[in-house]
Amino acid sequence: MTDEELVVEFALTRLDNPGLDLEEIAALVVRRGGHDRVVEFASRNLATRGELRGAAFPSAVEHVLRVVLTLRGPAD
């Protein structure tokens with residue numbers, strides 16, 4: 001999944017769940033993606049952080065937040 005696709009999925013999930021905060025929305029995106037998506041996002045996040053180990057689900061959620069917040073830029 002590209003970063004752009006991830007941002008679109010995040011935005012659609014946010015539209016469906018307007019009362020949730022960003023981390024809760026990121027967790028929904030990760031959960032909906034299933035096990036393979038958790039592993040993909042977690043490995044990308046750990047590589048970005050230069051770490052070899054970490055809890056998969058929280059690392060995957062952190063990756064989603066990192067991508068979304070990076071692409072949003074400083075305006076928000």
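Remember, predicted model here, so these are calculated numbers, not experimental data. Counting restarts for each chain: residues are numbered from 1 in the order of the written sequence. The model is predicted, so local features are restricted to residues of pLDDT at least 70 and side-chain atom pairs to those at 80 or more, both for listing and for counting; the totals for chains, interfaces and linings are taken over all residues. Note that the side-chain values use all heavy atoms of the structure and ignore hydrogens as well as water.

(A) How the structure looks around the side chain of Ser59. Helix and strand assignments come from DSSP, with helices taken as H or I runs of at least 4 residues and strands as E runs of at least 2, each series counted from the N terminus. Tracing the sequence through the fold places Ser59 in helix 3 (residues 56–72). Between N or O atoms, a polar contact is any pair within 3.5 Å; within protein, one atom must be a potential hydrogen donor and the other a potential acceptor, and residues adjacent in sequence are included only when both atoms are from side chains. Among the polar contacts listed, one links the side chain of Ser59 to the backbone oxygen of Ala55, at a separation of 2.8 Å. Ignoring anything within four residues of it in the chain, the contact list for Ser59 reads Phe41, Ala42, Asn45, Leu46 and Gly54. In this analysis, two residues are considered to be in contact whenever any of their non-hydrogen atoms come within 4.5 Å of each other.

(B) The pattern of salt bridges, seen in detail. A pairing counts as a salt bridge when a side-chain nitrogen of Lys or Arg comes within 4 Å of a carboxyl oxygen of Asp or Glu. All told, the structure shown has six salt bridges when counted by the stated rule. Glu51 is the partner of Arg49 in a salt bridge, and the nearest nitrogen-oxygen pair spans 2.9 Å. One salt bridge connects Arg49 with Glu62, and the closest N-O pair in it is separated by 2.7 Å. Placement of the pair is Arg49 in helix 2 (residues 22–49) and Glu62 in helix 3, with a sequence separation of 13 residues. For every residue, the accessible area (1.4 Å probe, protein chains only) is compared with the maximum for its type, and the residue is labelled buried under 20%, exposed over 50%, or partly exposed between those bounds. Here Arg49 falls in the partly exposed class, since its relative accessible area comes to 36%. By relative accessible area, which is 30% here, Glu62 ends up partly exposed. Through salt bridges with shared partners, a single network forms among Asp3, Arg37, Glu40 and Arg44.

What is shown is where atoms sit, not what they do.
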